[in-house]
Amino acid sequence: MDRNDLRIGDAEREQTMAALREHFAEGRLTHEELDERVDRTLAAKTARDLAGITADLPGPGHHAPAPQPGMDDWRTAMHAHRRQMQEMRHAHRDLRRQWSHQHSWRRHRGPHPIVPLLFVAMMAGLFFGGFGIFKVLLVVWVVAVVVSMARRRRRHRR
């Protein structure tokens, strides 16, 4: 009896399917060819059947010689990389802008919370503490209002 006429097991079928997937990944087979050959592999009963499935494909030791990269290839790759990085930076910037516009409700509107508190303290100082504390609190309140307005303008410019 010929060795190719011997029945095969699941291990041989798995090896053949792994080789077919590798050939598909390398572009030697289309998706339809892969499906057809996998079906034939699963239905194969002898080693001769499996050999017919992969007869037109190179063996496991076959590798095409890799082309040697030149200086132009390197420059092309670097330009492509720079373009890709620039596109990623632009996309990141656009996402940040989009996010900040969507979440603008989180930004504090109006004066800093300390400004109304200083105003209340200033009025209380005027009525209960005399004119001296009023002047100090008035200066602190004016500074807080100016700082709050400056921060709001700076945020609005961004």
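Placed above this text is the structure.
Reading the values: the criteria
- Residues numbered from 1 in each chain as written.
- Predicted model: local features only at pLDDT ≥ 70, side-chain atom pairs only at ≥ 80, totals over all residues.
- Heavy atoms only, no water.
- Helix = DSSP H or I, 4+ residues; strand = E, 2+ residues; numbered from the N terminus.
- Buried < 20%, exposed > 50% of the residue type's maximum accessible area, 1.4 Å probe, protein only.
- Areas by Shrake-Rupley, 256 points an atom, 1.4 Å probe, with all protein chains shown as cover.
- Core = buried A, V, L, I, M, F, W, Y, C linked by side-chain atoms within 4.5 Å.
- Contact = heavy atoms within 4.5 Å.
- Expected span 1.5 Å × (residues − 1).
- Arc of directions from axis to C-beta.
- Patch = residues over 30% accessible without salt bridge, like charges linked within 9 Å, V, L, I, M, F, W, Y side chains within 5 Å.
- Salt bridge = Lys/Arg side-chain N within 4 Å of Asp/Glu carboxyl O.
- Lys, Arg positive; Asp, Glu negative; His and termini not counted.
- Charge placed at Lys NZ, Arg CZ, Asp CG, Glu CD.

(A) Structural detail: the overall build of the protein. When its secondary structure is counted, the protein shows six helices and zero strands. Going from N to C terminus, the protein has its helices and strands arranged as α-α-α-α-α-α. When burial is assessed residue by residue, the protein has 15% of its 158 residues classed as buried. Split by element, the accessible area of the protein, about 13,000 Å² in all, is 60% carbon and sulfur.

(B) Just the nonpolar core, in detail. I8, M17, L20, L29, L34, V38, A44, L50, I53 and L57 together form the largest nonpolar core, which totals 10 residues. Those residues within four positions of V38 in sequence are excluded, and the remaining contacts are M17 and L20. Counting five residues, the second-largest nonpolar core is a separate cluster that includes V115, L118, M122 and L137.

(C) View of helix α2 (residues 31-43). Look at α2: 19 Å from first C-alpha to last across 13 residues, which is about the 18 Å you get at 1.5 Å a residue. The complete set of buried residues in α2 reads L34, R37, V38 and T41. Viewed end-on, α2 has its buried residues packed into an arc of 105 degrees, placing them on one side of the element. The exposed set on the far side of α2, more than 90 degrees from its buried face, consists of E32 and A43. Buried residues along α2 sit against α1 (10-25) and α3 (47-53).

(D) Broad picture of a negative patch on the surface. A cluster of acidic residues, E32, E33, D35 and D39, forms a negative patch on the protein surface. Tracing the backbone shows D39 in helix α2.

(E) Inspection of a nonpolar patch on the surface at higher detail. A grouping of L126, F127 and F128 is seen on the molecular surface, where their side chains present a nonpolar patch of about 400 Å² in accessible area. One can find L126 in helix α5 (residues 114-129). Given the relative accessible area of 32%, L126 is considered partly exposed.

(F) A look at α1. Taking 1.5 Å per residue as the helical rise, α1 with its 16 residues ought to reach 22 Å, and the 22 Å between its terminal C-alpha atoms agrees with that figure. Those residues of α1 that are buried lie in contact with α2 and α3. Looking at the residues trailing α1, positive phi occurs at G27, about 90 degrees.

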